[in-house]
Amino acid sequence: MSKQPLVGILMGSDNDYEVMAETGKALKELGIAFEMKVSSAHRTPERTAAYVRAARGNGIKVLIAGAGAAAHLAGVVAAETTLPVIAVPIDATSLRGLDALLAMVQMPAGIPVATMAIGKAGARNAGIFAAQILSVENAGVAKALQEQRFKMAAGVEAKSDALQEKLKKDGFAE
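Computed from a prediction, not measured in an experiment: that's the story for all the values here.

Rules of the game
- Residues numbered from 1 in each chain as written.
- Predicted model: local features only at pLDDT ≥ 70, side-chain atom pairs only at ≥ 80, totals over all residues.
- Heavy atoms only, no water.
- Helix = DSSP H or I, 4+ residues; strand = E, 2+ residues; numbered from the N terminus.
- Expected span 1.5 Å × (residues − 1).
- Buried < 20%, exposed > 50% of the residue type's maximum accessible area, 1.4 Å probe, protein only.
- Contact = heavy atoms within 4.5 Å.
- Polar contact = N/O pair within 3.5 Å; in protein donor to acceptor, adjacent residues only side chain to side chain.
- UniProt positions renumbered as here; feature names shortened; annotations may be inferred.

The next thing to look at is helix H6 (residues 139-169). The end-to-end C-alpha distance of H6, which contains 31 residues, comes to 45 Å, matching closely the 45 Å that a straight helix rising 1.5 Å per residue would cover. Buried residues of H6: Val-141, Ala-144, Leu-145 and Gln-148, and no others. Those residues of H6 hidden inside the fold are in contact with helix H1 (17-29) and helix H5 (120-135). Capping of H6 at its N-terminal end is provided by Asn-138; its side-chain oxygen lies 3.0 Å from the backbone amide nitrogen of Gly-140. Remark: Gly-171 follows H6 within two positions and exhibits a positive phi of approximately 80°.

This is the structure we're talking about:
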């Protein structure tokens, strides 16, 4: 894993850590250095803007923003940079993350945000998608992604083989 963070992960609250840790796990598995910070679009707008404006100069190549409720963090981040921005909606209200998802996918033309699924699966996919972006110019990341795909495929095949054995044991197959 390189020491220079290539991905900046922001979350609107420390309550979002359990979900956004999945992003960190995905990046770590692929050998991609990242930094993770709490910065709110509403409570610390100056802090958020300053971090995002400095990100490119600090070596960050992709930004990931996880937020629930009003979920303006990804949009605020995207408004401050031309770096790729990936949004992760978090289930933080009685609307179970749908409010966050809708806020993130309704960006105006010209300020794009790639939006993942609600919750941990979306957070993991955000890390993988950031790696895919980085893989365009980084052969090591491209190789790590390909190896990860091979491992996932092998895991599915092993589970299918185990199921076939169970079916035989239970008398459903010969």
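Read on for the rest.
A few words now on the UniProt feature "binding site: substrate" (unreviewed entry) in the chain. This chain's UniProt record puts "binding site: substrate" (unreviewed entry) on Ser-13, Asp-16 and Arg-43. For Ser-13, the position within the fold is in the loop between strand S1 (7-11) and H1. Judged by relative accessible area, Ser-13 falls into the buried class, the value being 16%. Discounting chain neighbours no more than four positions away, the residues touching Ser-13 are Val-38 and Arg-43.

Take Ala-103: it is sitting in helix H4 (residues 98-105). Residues contacting Ala-103, with those up to four places away along its chain left out, are Ala-70 and Ala-71.

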